[in-house]
Amino acid sequence: MSTLATEELLTEIQELIREREREGVAGLAERIGPAEWAALVPRLDSGEVAVLLQWLPDDEIPELLEELSPTEAAAILRTLSQAEAAAVLAGMDPDDAADVVEELSEPEAEGILIRMAPEEAAEIRGLADFPPDSAGGIMTPEFVAVSPEARSADAIAAIRRLVDEAETVNYVYVVDGQRHLLGVLSLYRLLLSQADTPVSQLMAPTTVRVRATADRETAARLLTERNLLAIPVVDDDDHLLGIITEDDVADVLEAETTEDIERLGGSQPLNVPYRISSVLLLVRKRIGWLLLLFVAEAYTGTVLRNFETELADVVALSFFIPLLIGTGGNIGSQTVTLIVRAMALNEVSFRDVAWIAFKEMRVGLILGAIMAVIAFGRATLLGVGADIGTVVAVTILAICLWSATVAAVLPLALRRVRIDPAVVSAPLITTLVDGTGLIIYFEIAKFVLHL
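**Remarks on the overall build of the protein**
Line of reasoning, step 1. The helix and strand tally for the protein stands at 22 helices and six strands.
Line of reasoning, step 2. Residue pairs in contact within the protein that sit at least 24 positions apart in sequence constitute 67% of those at least 6 positions apart.
Line of reasoning, step 3. A total of about 23100 Å² of accessible surface is found on the protein, and carbon and sulfur atoms cover 57% of it.

As structure tokens, this is what we get:
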């Protein structure tokens, strides 16, 4: 849905609510789906949302909440009575419902869950017990499973019986009496088999699986690398607990990418939508990095003070300081972004550090040589003399080489010591290169100009 269409729909909804046109909202509900509603609801005020929830068809409200972030969905649940909230949670997929419950306080969650069917509440509680960043935290317990003694016709009958409840029927899992995962059947192979064929002859026994305690990124990577539609989740004893599907992985990848981008920008991840984040939350998420960078940047002034004699002797050296430190920071930011991205895709690891450093050194050398020529031309145009121009050109070359090398090695080194490489943000690299770049500049100036 385009931005213009969203704005037009938002205006239309607000006018219908203001004029108490319930039939008009019902007509809109026939035209747009849950995903479109999810883009509009966070932009309504609480009173408008309350009216909208009264007018929307009951079966559409759970679908709407599934499309919202857990934080936004929990905020909407709080506006409902506990009985209404229980009915909405019951209509949601268990994994999505568990995510919402985790956003509620314990009294709020229990007040809603005790009003649900015991088996549904137990299912949600079980999922909510897993950390949200684990494979168990994003799995759904709704899948199709049969015993190894079943026949092909039995498996197809199970699919028909559970098609409206299961997350996906593309795979049927084979489990024993204790729910140990034995294998998996593809829907395609089932449909081509004879009705009396034992599923033990049709199943693939070496099924890719992931532990419930594994990081959710591990599960997402397995599913995407193997081109699977779903991946089973098991406990330490290989009992089948649930499955993770493509839509779950899409949400994980979006969340992880957002987190990495925020950290690369020098900010802690928000974990809540920007629209509902408070000013104090934004300050709290940013102040830590800003203070760290502020303190780190202070040593740039120390470097300048240590070389104040050289600056006093050759004032023209100061003309090029912004150019030099800016160039080093830009080279470092580019390199960090590429390396962190490659690490996220498992294209590189610490054992590749030597050739990565060598590769980026060559890149930095070529970029530095190109920019050194331009810098020398700029110095000539300013009329500062060939000697100053030579200092600037050589410094540009050295800073590009240094910045590219540091930015290539540091993320890999941090992962080696189990620190998230995304914390090697572009601002931090820029700050690091600022001070070291000035030292390189003035040391080259002292040597070339005999200061």
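After presenting the structure, the write-up continues.
**Remarks on the sheet that holds strand 2 (residues 171–175)**
Line of reasoning, step 1. Across the sheet, which stays open at both edges, the three strands sit in the order 1-2-3 with mixed pairing between neighbours. Two strands bound the open sheet, and with one partner strand each, they are strand 1 (145–146) and strand 3 (181–186).
Line of reasoning, step 2. Of the pairings in the sheet, the one linking strand 2 to strand 3 comprises five bridges and is antiparallel in character. Bridge pairing in strand 3 links Tyr171 to Ser186.

**With respect to the sheet that holds strand 5 (residues 230–234)**
Adjacent strands of a sheet form backbone hydrogen bonds with each other and so pair up, either parallel or antiparallel.
Line of reasoning, step 1. Across the sheet, which stays open at both edges, the three strands sit in the order 4-5-6 with mixed pairing between neighbours. Each end of this open sheet is capped by a strand with a single partner; those strands are strand 4 (210–211) and strand 6 (240–245).
Line of reasoning, step 2. Sheet analysis places strand 4 next to strand 5, joined by two bridges and oriented parallel. Across the sheet, the residue bridging to Val210 is Val233, located in strand 5.

**A word on the side chain of Thr327**
Line of reasoning, step 1. The topology assignment puts Thr327 in helix 19 (residues 321–344).
Line of reasoning, step 2. A polar side-chain atom of Thr327 sits 2.8 Å from the main-chain carbonyl oxygen of Leu323.
Line of reasoning, step 3. Aside from chain neighbours lying at most four places away, what touches Thr327 is Met371, Ile396 and Cys400.

**Some thoughts on the pattern of salt bridges**
Line of reasoning, step 1. Under the criterion given, the structure shown has four salt bridges.
Line of reasoning, step 2. Two residues, Arg209 and Asp238, come together in a salt bridge whose shortest N-O distance is 2.6 Å. Of the two residues, Arg209 sits in the loop between helix 14 (199–202) and strand 4 while Asp238 sits in the loop between strand 5 and strand 6, which places them 29 residues apart along the sequence.
Line of reasoning, step 3. Shared partners join several salt bridges into a network, and the residues in it are Arg209, Arg211 and Asp238.

**Quick notes on a nonpolar patch on the surface**
Line of reasoning, step 1. A cluster of nonpolar side chains, namely Ile366, Ile370, Met371 and Ile374, defines an oily patch on the protein surface of about 390 Å² accessible area.
Line of reasoning, step 2. With respect to the helices, strands and loops of the structure, Ile366 is situated in helix 20 (residues 353–382).
Line of reasoning, step 3. With relative accessibility at 56%, the residue Ile366 sits in the exposed group.

**Regarding the environment of Thr431**
Line of reasoning, step 1. By the element assignment, Thr431 lies in helix 22 (residues 426–449).
Line of reasoning, step 2. Since its relative accessible area comes to 5%, Thr431 is described here as buried.
Line of reasoning, step 3. The spatial distance from the C-alpha of Thr431 to the C-alpha of Gly329 is 7.4 Å, given a sequence separation of 102 residues.

**A short note on the pairing of strand 2**
Consecutive side chains along a regular strand alternate between the two faces of the sheet.
Line of reasoning, step 1. Taken across its five residues, strand 2 has five buried, putting it largely inside the fold.
Line of reasoning, step 2. Judged by which residues are buried, strand 2 turns out to be covered on both faces: Tyr171, Tyr173 and Val175 on one side and Val172 and Val174 on the other are all buried.
Line of reasoning, step 3. Adjacent in sequence and paired antiparallel, strand 2 and strand 3 are bridged by five residues, among which Arg179 carries a positive phi angle near 65°.

**A closer look at the pairing of strand 6**
Line of reasoning, step 1. Of all six residues in strand 6, five are buried; the element is thus mostly enclosed.
Line of reasoning, step 2. Counting the residues that bridge the hairpin from strand 5 to strand 6 gives five residues, and of these Asp238 lies at a positive phi of roughly 70°.

**Some remarks on the packing of aromatic side chains**
Line of reasoning, step 1. All told, the structure shown has two aromatic pairs when counted by the stated rule.
Line of reasoning, step 2. For the pair Phe143 and Tyr173, a centre-to-centre distance of 6.3 Å together with 90° between the ring planes defines the contact as edge-to-face. Here the residue Phe143 occupies a position in the loop between helix 11 (135–138) and strand 1, and Tyr173 occupies one in strand 2, the gap between them amounting to 30 residues. Neither residue differs from the other here; Phe143 and Tyr173 are each classed as buried.
Line of reasoning, step 3. Ring geometry for Tyr441 and Phe442: centres 5.3 Å apart, planes at 35°, overall tilted.

**A short note on the environment of Pro94**
Line of reasoning, step 1. For Pro94, the position within the fold is in helix 8 (residues 94–102).
Line of reasoning, step 2. Residue classification places Pro94 among the buried residues on the basis of a relative accessible area of 4%.
Line of reasoning, step 3. Those residues in contact with Pro94 that sit more than four places away from it in its chain are Glu123, Ile124, Leu127, Thr140, Pro141 and Glu142.

**Points about the environment of Gly111**
Line of reasoning, step 1. By secondary structure assignment, the location of Gly111 is in helix 9 (residues 106–113).
Line of reasoning, step 2. Separated by 25 residues in sequence, Gly111 and Ala86 have C-alpha atoms that sit 8.8 Å apart.

**Brief notes about helix 12 (residues 152–162)**
Line of reasoning, step 1. Within helix 12, the full set of buried residues consists of Ser152, Ala155, Ile156, Ala158 and Ile159. Down the axis of helix 12, the buried side of the element spans an arc of 155°, and every buried residue falls inside it. Of the exposed residues in helix 12, the ones pointing more than 90 degrees away from its buried face are Arg160 and Arg161.
Line of reasoning, step 2. Against strand 1, strand 2, strand 3, helix 13 (187–192) and helix 14 lie the buried residues of helix 12.

**A look at unusual backbone geometry**
Line of reasoning, step 1. At Asn227, a residue that is not glycine, the phi angle is positive and equals roughly 55°.
Line of reasoning, step 2. Position of Asn227 relative to the elements: it lies in the loop between helix 15 (216–225) and strand 5.
Line of reasoning, step 3. Relative accessible area serves as the criterion here: at 68%, Asn227 is assigned to the exposed category.
Line of reasoning, step 4. In this model, Asp238 sits at a positive phi of 70°, which is unusual for a non-glycine residue.

Thresholds, definitions, all that
Residues numbered from 1 in each chain as written. Predicted model: local features only at pLDDT ≥ 70, side-chain atom pairs only at ≥ 80, totals over all residues. Heavy atoms only, no water. Helix = DSSP H or I, 4+ residues; strand = E, 2+ residues; numbered from the N terminus. Contact = heavy atoms within 4.5 Å. Areas by Shrake-Rupley, 256 points an atom, 1.4 Å probe, with all protein chains shown as cover. Pairing = 2+ DSSP bridges. Polar contact = N/O pair within 3.5 Å; in protein donor to acceptor, adjacent residues only side chain to side chain. Salt bridge = Lys/Arg side-chain N within 4 Å of Asp/Glu carboxyl O. Patch = residues over 30% accessible without salt bridge, like charges linked within 9 Å, V, L, I, M, F, W, Y side chains within 5 Å. Buried < 20%, exposed > 50% of the residue type's maximum accessible area, 1.4 Å probe, protein only. Phe/Tyr/Trp six-rings, centres within 6.5 Å; stacked < 30°, edge-to-face > 60°. Arc of directions from axis to C-beta.

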